[in-house]
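Working through the structure, step by step
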Amino acid sequence: MKLRRIATTGALAIAFAVGCGDSTEPQGDVTIADLVGSWNATSMQFTSQSNPSVTLDLITQAFGSMSISINPNGSFEGTFKESFSASQQNVSGTITLQGNTITIAFVEGLDEDVSGAFTLAGDVLTVNGTFQAFDFTPGDGNDNPEPANLVIVLVRE
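Read on for a plain summary of the structure.

What counts, and at which threshold
- Residues numbered from 1 in each chain as written.
- Predicted model: local features only at pLDDT ≥ 70, side-chain atom pairs only at ≥ 80, totals over all residues.
- Heavy atoms only, no water.
- Helix = DSSP H or I, 4+ residues; strand = E, 2+ residues; numbered from the N terminus.
- Buried < 20%, exposed > 50% of the residue type's maximum accessible area, 1.4 Å probe, protein only.
- Areas by Shrake-Rupley, 256 points an atom, 1.4 Å probe, with all protein chains shown as cover.
- Pairing = 2+ DSSP bridges.
- Phe/Tyr/Trp six-rings, centres within 6.5 Å; stacked < 30°, edge-to-face > 60°.

A closer look at the overall build of the protein
- Each helix and strand counted, the protein has two helices and nine strands in total.
- Counting helices and strands in the order they occur from the N terminus, the protein gives α-α-β-β-β-β-β-β-β-β-β.
- A total of 157 residues make up the protein; the buried ones form 46% of that total.
- Within the structure as shown, the protein displays about 7200 Å² of accessible surface, and the carbon and sulfur contribution to it stands at 50%.

Focus on the pairing of strand β7 (residues 114-121)
- Across four bridges, the pairing between strand β6 (residues 101-108) and β7 is antiparallel. Residue pairing in the sheet places T103 in a bridge with S115 of β7.
- Once β6 ends, the chain turns through five residues before running back antiparallel as β7, passing G109 with a positive phi of about 110°.
- Pairing between β7 and strand β8 (residues 124-134): six bridges, direction antiparallel. Residue pairing for β8: T119 is matched across the bridge by T126.
- Hairpin remark: β7 followed by β8, antiparallel, with two residues in the connecting loop; positive phi at G122, about 65°.

Observations concerning the packing of aromatic side chains
- For the structure on display, the rule yields four aromatic pairs.
- Consider the rings of F46 and F134, whose centres lie 4.0 Å apart with planes at 10°: the pair is stacked. Linking F46 in strand β1 (residues 37-48) with F134 in strand β8, this pair joins segments that are 88 residues apart in sequence.
- When the centroid spacing of 5.7 Å and the interplanar angle of 85° are considered together, the rings of F76 and F106 count as edge-to-face. Here the residue F76 occupies a position in strand β4 (residues 75-81), and F106 occupies one in strand β6, the gap between them amounting to 30 residues. You'll find F76 and F106 in the same group, each marked buried.

As structure tokens, then:
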């Protein structure tokens, strides 16, 4: 469940940073209106802050999927699916933007809000942030969360 929560957080962070547009150049002054729509995560990579050689991409390595829909009022809903267990977790909350920083506040799905810098190039959003409690070994029976850097890439449907 922690793995799903972490993956969901990452995916949502990226989705919120992605905006509308056909340009391949990064765009400035992104607003919530630019984020309205459906997004899919193509990568959600966590890197240990204490040991940068330890990484886990919940989409490409753990075969997960994440999709979210952002509404005009800044609220969002989405799902994260784990392919190994075929389980699905719903997520929801609100997003705010300030300059090139996005903040995702969860109502459902995660116990930790996510904040980080983002860039938007066309329909691809990249979010660079941190996650305070990521467990790199979720199936080992121990709860070993640690701070991690997070890079999420989302693509508009």
